[in-house]
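# Close look at the chain arrangement
Letter by letter, the chains look like this.
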Amino acid sequence: MLALWGRRLPSVWVLLLWSLLQLLPPPSAPAPHSAPYKPVIVVHGLFDSSYSFRHLLDYINETHPGTAVTVLDLFDGRESLRPLWEQVQGFREAVDPIMAKAPQGVHLICYSQGGLVCRALLSVMDEHNVDSFISLSSPQMGQYGDTDYLKWLFPTSMRSNLYRICYSPWGQEFSICNYWHDPHHDDLYLNASSFLALINGERDHPNATAWRKNFLRVGRLVLIGGPDDGVITPWQSSFFGFYDANETVLEMEEQPVYLRDSFGLKTLLARGAIERCPMAGIAHTAWHSNRTLYETCIEPWLS
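First, a word on what this report is: a plain description of the structure on this page. What you see is a predicted model, and the numbers here were worked out from it, not measured in a lab. (Residues numbered from 1 in each chain as written. Predicted model: local features only at pLDDT ≥ 70, side-chain atom pairs only at ≥ 80, totals over all residues. Heavy atoms only, no water.)

Moving on to the overall build of the protein. Of the regular secondary structure elements, the protein holds 13 helices and eight strands. Taken across its 303 residues, the protein has 50% of its residues classed as buried. Partitioning the intrachain contacts of the protein with sequence separation of at least 6 by distance along the chain shows that 69% fall at a separation of at least 24. Summed over all atoms, the accessible surface of the protein reaches about 14600 Å², with 57% contributed by carbon and sulfur. (Helix = DSSP H or I, 4+ residues; strand = E, 2+ residues; numbered from the N terminus. Buried < 20%, exposed > 50% of the residue type's maximum accessible area, 1.4 Å probe, protein only. Contact = heavy atoms within 4.5 Å. Areas by Shrake-Rupley, 256 points an atom, 1.4 Å probe, with all protein chains shown as cover.)

Structure (structure tokens):
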């Protein structure tokens, strides 16, 4: 009898364990993202439109489902040649209501020329609530290079003499000339530039202190660019580097605007709020469609 009980014991325990397992709740699914993702606002570049960002939109929807993404459809195509201050005003009117509905803050992804538009927005908007400003291959310290765009717009001019057009009142009516930065004619640039020299704090103006304070409201500045861009010249302009008079590139920390902290770069870096993400092998028109670039340099900052 004892031997028989010993042989039955394992099966009894199996039945008991099975009964207890039926009482346990089923395994729970992974917890969803606890808080909603901040809205994302995308600003296009020169000769672009919202259609150019369809891949980026897909990436965000896939990795951060439920994110409200607005690709602003303003100043498309040739309208992107309008003076940048005119564009800043138009984009400001578009982003104001989006920010007003997002007390938790928003993210800006701004491509090429659009990166300058966005930096100006951060300067002039007293109550902006931008968490991450992602500058995607943008000539933040200006442009000094022959490109297909320039050859189409000014077919008889080369970069060495384009200053004659860009640093005239007529030339400043074109967006490209608003950030044309000729390192061999610095005095003309400082006196004539109606946009870049102002947002850089390189020329005195009555709003300089307020603009710097506004810019420093940003939570994080993410700078993206690379040596194979093919358009932004020098490519280090995407990281606030630029040529000196000998066309030697000086990095951000060597630039006078950084050393003087004229609009807040040095302060941002000191508080750990600047992220630099250089990536080789990406042409200028592919930054917003490259999946690896998105996963490495953009997605981590879309909280």
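Okay, the nonpolar core next. Judged by nonpolar contacts, the single largest core of 61 residues is most densely connected at Phe133 and Leu221. No other element matches the seven residues that helix α4 (residues 113-124) contributes to this core. Not counting residues within four places of it along the chain, the set of residues in contact with phenylalanine 133 comprises Leu108, Cys110, Gly115, Cys118, Arg119, Leu122, Gln140, Val218, Arg220, Leu221 and Val222. Of all hydrophobic cores here, the second largest spans 22 residues; its members include Val42, Phe53, Val222 and Ile224. (Core = buried A, V, L, I, M, F, W, Y, C linked by side-chain atoms within 4.5 Å.)

The terminal C-alpha atoms of helix α3 (residues 84-100) lie 24 Å apart, and with 17 residues this matches the ideal 24 Å at 1.5 Å per residue to within 8%. Of all the bends found along α3, the most pronounced is centred on alanine 94 and spans about 25 degrees, while proline 97, a proline, follows it within four residues. All of the buried residues along α3 are Leu84, Gln87, Val88, Gly90, Phe91, Val95, Ile98 and Met99. On its buried side, α3 packs onto β1 (40-43), β2 (69-71), β3 (106-111), α4, β4 (130-136) and α7 (175-178). (Expected span 1.5 Å × (residues − 1). Bend = angle between axes of the 7 residues up to and from the residue.)

With that settled, the discussion passes to the pattern of salt bridges. Enumeration over the complete set of coordinates arrives at seven salt bridges. Of the charged contacts, one joins arginine 291 and glutamate 62 as a salt bridge, the two residues approaching to 3.2 Å between their closest N and O atoms. Pair noted here: arginine 291 is in helix α13 (residues 291-298) and glutamate 62 is in helix α2 (residues 54-63), with a separation of 229 residues, a long-range link. We classify arginine 291 as partly exposed; its relative accessible area is 26%. (Salt bridge = Lys/Arg side-chain N within 4 Å of Asp/Glu carboxyl O.)

Of the positions making up helix α10 (residues 208-215), those classed as buried are Trp211, Asn214 and Phe215. Within α10, the buried residues cover an arc of 95 degrees as seen down the axis, which keeps them to one side. Set apart from the buried face of α10 by more than 90 degrees, the exposed residues are Thr209 and Lys213. (Arc of directions from axis to C-beta.)

With that settled, consider the pairing of strand β5 (residues 220-225). Looking along a regular strand, one sees side chains alternate from face to face of the sheet. Of all six residues that make up β5, five are buried, and the element is covered over most of its length. Bridging between β5 and strand β8 (residues 274-278) involves five bridges; their strand directions are parallel. Each bridged residue has a counterpart across the sheet, and for isoleucine 224 the counterpart in β8 is cysteine 277. (Pairing = 2+ DSSP bridges.)

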